[in-house]
Amino acid sequence: MLAAIVLRRSLMTIVTLFGVAIVVFLLLRVAPGDPIAMMISPGAGPDDVAALRARYGLDAPPLIQFWIWLHGILMGDFGTSISLRLDVLSLLAERLPATLELSGLALALGVFLGGAIAVIATLLRRSFVAGLIDAVNGLLLAVPDFVWALAFVLVLGVLIPVLPLSGRIDPALETTFVTRFYLVENLVSGRLALAGDILRHMAMPSLALALPLAAVIARILKEALAEAMQQDYVLLARVKGFSELRLVLGEALRNAVGPTLALTGVQFTFLIGGTVIVERIFSYPGIGNMAIDAVINRDLPLIQGLVLVFGLMFLVVNLVIDLAVVALNPKLRHG
Amino acid sequence: MSPPLLSIAGLRARRRDRSAQPILRDVSLTLAAGEVHGILGESGAGKSTVAKAILGLVPRGIRITDGRILLDGRNLLALDSRSLRRILGAEAALIPQDPSTALNPGRRVGAQLTDGLRLWRGLSAAAADRRALALLEEVQIREPARVMWLYPHELSGGMRQRVLIAAAFALEPKLVIADEPTTALDVTVQKQILRLIRVMQTRHRTAVLFVTHALGVAAQICDTLSLLFMGKVMEQGPAADILLAPRHAYTRALLAANPRHDRPASSPEPIPEPVIAACKAEVAAADRADAEDG
């Protein structure tokens, strides 16, 4: 059952990515701005421009360009970045782990914070604190990630400088890494001091990304928990003499998580989109930060590669959420 | 005679809103250990409020204004919620009305049967599983070892109610409250479930408070009866006496409306309007007498 869903959705993912490729390619040809104009030195003549165009294949008709690009991708060649003069695939491979670690941590933080807020609000639903939590959550819902990022920079980076303002790791630390997954690698290999420094660098950007997600999860999970707490099986568990905490965590939560995931899934993809601006604010060396440079430089091959990677991340996240919804519901799981 | 297991005295409840409408009017009843007492009444007569009051589950819109509920001599209404939870968890249980919603859809049957045993009897997982298996066999569920691993949606309505009965008797409670346990079931299943509750009750010598609106059901299972109308006890006593020689006009009307009270399948006729009017007048007179006393 699950395997069939994975297979069907994986095929759909490929089709969707193909659609994304077409749209990105077309949009970039229509959008204003000339990549060659950004890279020529002053005093270059029309001949130089034409030579550069030919070198990057920009003189060919768009359809041919698209075919060359698509063929390259299928062969594992994403082209060469115009502004960085480097292979797009190796650029992506270098930067992607940083973004995956950042958004993974933000996701975990958001789920944990949102879940905690919802559970606490449910436990205290008869007291005045519930109203207070609602008000705070309303604020969290209204403030976007980049505003949190700027607020953190001002408060925790400048006013009370407790956290590093930029980068992924303290450059003064002499280290070598085998992989680009710095956090995972150091946690696995037990270099906890280094992992701590990396976490301190990730703290502000990941929290800025996590808070809007936490707010949405808190709100929807709280509703779902309130409904579950009204059910007969909770009443029966109450008669069994279970504590309020056990009723919420042991009885209601498992039935509230599925509907919450289904409703908050799209918010997870917003978090990935949010990495673009938040990585920029913290000069975090991920693909989001790279995307802004690529756009400014009209670096068409790099932009195309980045959009495909972002598209793939969105699709994988959606697939995982859909599978989780099925896996969490015994009725769906057994077909 | 030993003191009763459950003794409710002068229980009064009102709506919390501005109407302050009385829901229970001076309800008193006693239940000896091992006895089945039926609380019989039409919907809105307050019978389920009595059951909920014992379990500390009175809805927020209703307030208990007076009375005592003694279980083994302890006044449940005077206990803090923690002590109440401990006493009820270990000594009382509920067989709910609707088996389709009373089992947690996200937890396996076995887990829902054993959680109380582990919490209040301190059994190990293995010991609790053995006890749960024995209980499932006792309520005549086939392949109990397999059923332990199923989720509620994989069971039929009748099987779910059997599981819930097994769960209710799991901790050998002194008191089981059955809140219309057959109302949501098919007629054919109803009889089996009633018989099963009676068998379990007799074997475990458990007192059962049986809440129902169906005279036929009450006649089959109850030793003693309380008839409730608008929250007031109209008639009370041994079931045989009440069914054979009813004293109150309301009881007579109920019996007349159910000519074959030994067959719960037959649907009752409505109670004649003059009888209802007379009962309402009686309740109003009692309210006035109370007001003068107070």
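Definitions and limits used
The numbering scheme is per chain: residues are counted from 1 as the chain's sequence reads. Written order decides the labels, with chains lettered from A and ligands numbered from 1. In keeping with the model being predicted, local features are shown solely for residues with a pLDDT of at least 70 and side-chain atom pairs are shown and tallied solely at 80 or more, while totals for entire chains, interfaces and linings include all residues. The basis for the side-chain values is all heavy atoms of the structure; hydrogens and waters are excluded. Every helix listed is a DSSP run of H or I at least four residues long, and every strand listed is a run of E at least two residues long, numbered separately from the N terminus. Buried residues are those whose accessible area, probed at 1.4 Å on protein chains only, stays under 20% of the maximum for their type, while exposed residues exceed 50% and partly exposed ones sit between those limits. Here, two residues are considered to be in contact whenever any of their heavy atoms come within 4.5 Å of each other. Every accessible area reported is derived by Shrake-Rupley at a probe size of 1.4 Å, with residue values counting cover from the shown protein chains alone. When charges are counted, Lys and Arg are positive and Asp and Glu negative, with His and the chain ends excluded. By convention, the point assigned to a charge is CZ for Arg, NZ for Lys, CD for Glu and CG for Asp. Those domain boundaries reflect an automatic or database domain assignment. Once two parts are brought into contact, the accessible area they lose, counted with a 1.4 Å probe and summed over both, makes up the buried area. Each reported salt bridge corresponds to a side-chain nitrogen of Lys or Arg within 4 Å of a carboxyl oxygen of Asp or Glu. Remark: nonpolar core denotes a set of buried residues (Ala, Val, Leu, Ile, Met, Phe, Trp, Tyr, Cys) joined through side-chain atoms within 4.5 Å. Pairing between strands requires that DSSP locate at least two bridges from one strand to the other. Lining residues are defined by having an atom within 4 Å of a point belonging to a cavity or pocket. Those points lie on a 1 Å grid over the protein atoms alone, cavities being sets where a 1.4 Å probe fits but cannot get out and pockets being open sets with protein on both sides within 12 Å along at least five of seven lines. Grid points are joined across faces, edges and corners, and a volume is the space filled by probe spheres set on the points. Basically, the charged four are Asp, Glu, Lys and Arg, the nonpolar ten are Ala, Val, Leu, Ile, Met, Phe, Trp, Tyr, Cys and Pro, and anything else, Gly included, counts as polar.

### Remarks on the overall build of chain A
Okay, step 1: Scanning chain A from terminus to terminus reveals 14 helices and zero strands.
Okay, step 2: Shown N-terminal to C-terminal, the secondary structure of chain A runs as helices and strands in the order α-α-α-α-α-α-α-α-α-α-α-α-α-α.
Okay, step 3: Within chain A, the proportion of its 335 residues that are buried is 42%.
Okay, step 4: Of the contacts made within chain A by residues no fewer than 6 positions apart, 72% connect residues no fewer than 24 positions apart.
Okay, step 5: Looking at chain A as shown, the accessible area adds up to about 16900 Å², and 71% of this sits on carbon and sulfur atoms.
Okay, step 6: Here chain A contributes 23 positively and 23 negatively charged side chains, and the mean placements of these two sets differ by 10 Å.

### With respect to the domain arrangement of chain A
Residues and elements named next belong to chain A.
Okay, step 1: Once the domains are mapped, chain A shows domain 1 (2-74) and domain 2 (89-334).
Okay, step 2: Placing the centre of domain 1 and that of domain 2 at their C-alpha centroids yields a distance of 32 Å.
Okay, step 3: In this assembly, 22 residues from domain 1 lie in contact with 16 residues from domain 2.
Okay, step 4: Of the roughly 1700 Å² buried at the junction of domain 1 and domain 2 (both faces included), carbon and sulfur atoms supply 78%.
Okay, step 5: A per-residue breakdown of the area domain 1 buries against domain 2 is headed by Arg9, Leu17 and Leu28, which together make up 29% of the total.
Okay, step 6: Scanning the region where domain 1 abuts domain 2 turns up one salt bridge.

### Some words on the nonpolar core
Okay, step 1: Counting residues in hydrophobic clusters, the biggest one holds 95 residues, and the most contacted among them are Ile54, Ile165, Leu175 and Phe210 of chain B.
Okay, step 2: In this structure, Phe66, Phe78, Leu302 and Val309 of chain A belong to the second largest nonpolar core, which totals 33 residues.

### Considerations on the pairing of strand β4 (residues 62-71) of chain B
Residues and elements named next belong to chain B.
Okay, step 1: Looking at chain direction, strand β1 (residues 6-15) and β4 are connected through eight bridges and run antiparallel. Paired with arginine 12 across the bridge in β4 is aspartate 66.
Okay, step 2: Bridge count for β4 against strand β5 (residues 74-75) is two bridges, and the pairing is antiparallel. Across the sheet, residue leucine 70 finds its bridge partner in β5, namely asparagine 75.
Okay, step 3: Taken together, β4 and the strand that follows it, β5, pair antiparallel across an intervening segment of two residues, in which aspartate 72 is found at a positive phi of about 55°.

### Quick look at the pattern of salt bridges
Okay, step 1: As enumerated under the stated definition, the model contains 22 salt bridges over all chains in all.
Okay, step 2: Among the salt bridges present, the one from glutamate 91 of chain B reaches lysine 174 of chain B, with a minimum N-O distance of 3.6 Å. Placement of glutamate 91 of chain B in helix α2 (residues 81-91) and of lysine 174 of chain B in the loop between α6 (157-169) and β7 (175-179) is noted, with a sequence separation of 83 residues between them.
Okay, step 3: Residue classification places lysine 174 of chain B among the partly exposed residues on the basis of a relative accessible area of 36%.
Okay, step 4: Of the charged contacts in the structure, one is a salt bridge between arginine 107 of chain B and aspartate 115 of chain B, with a shortest N-O distance of 3.0 Å.
Okay, step 5: Using a relative accessible area of 10% as the deciding quantity, one classes arginine 107 of chain B as buried.
Okay, step 6: The class for aspartate 115 of chain B is buried, based on a relative accessible area of 4%.
Okay, step 7: Counted as one network, the salt bridges with shared partners bring together Lys240 and Glu251 of chain A together with Arg107 and Asp115 of chain B.

### Observations concerning the interface of chain A and chain B
Okay, step 1: Taken together, the contact between chain A and chain B spans 20 residues of the former and 26 residues of the latter.
Okay, step 2: Summed over both sides, the interface between chain A and chain B buries roughly 2100 Å², with carbon and sulfur atoms accounting for 60% of that surface.
Okay, step 3: Taken as a group, Leu236, Val239 and Lys240 of chain A account for 27% of the area that chain A buries against chain B, more than any other trio of residues on that side.
Okay, step 4: Across the contact surface, chain A and chain B share two salt bridges.
Okay, step 5: Linking arginine 107 of chain B and glutamate 251 of chain A is a salt bridge whose minimum nitrogen-to-oxygen distance equals 2.6 Å.
Okay, step 6: For the side of chain A that touches chain B, the secondary-structure elements that each account for two or more residues are α10 (232-239), α11 (244-281) and α14 (330-333) of chain A.

### Things to note about empty space enclosed by the protein
Okay, step 1: A complete count under the given rule lists two cavities of 30 Å³ or more for this structure.
Okay, step 2: Looking at the largest cavity, its volume works out to about 190 Å³.
Okay, step 3: What lines the largest cavity is a set of 19 residues, and nearest its centre among them are Lys240 of chain A together with Ala93, Ala167, Ala168 and Leu171 of chain B.
Okay, step 4: Looking at the lining of the largest cavity, the elements with two or more residues in it are α10 of chain A together with β6 (92-95), α3 (109-120) and α6 of chain B.
Okay, step 5: Considering only enclosed or pocket space, the second largest cavity measures out at about 90 Å³ in volume.
Okay, step 6: Around the second largest cavity sit 15 residues that line it, and Leu236 and Lys240 of chain A together with Ala102, Leu103 and Gln112 of chain B are the ones nearest its centre.
Okay, step 7: Listing elements by their share of the lining of the second largest cavity, those giving two or more residues are α10 of chain A together with α3 and α6 of chain B.
Okay, step 8: When grouped by side-chain class, the residues that make up the lining of the second largest cavity number 10 nonpolar, two polar and three charged.

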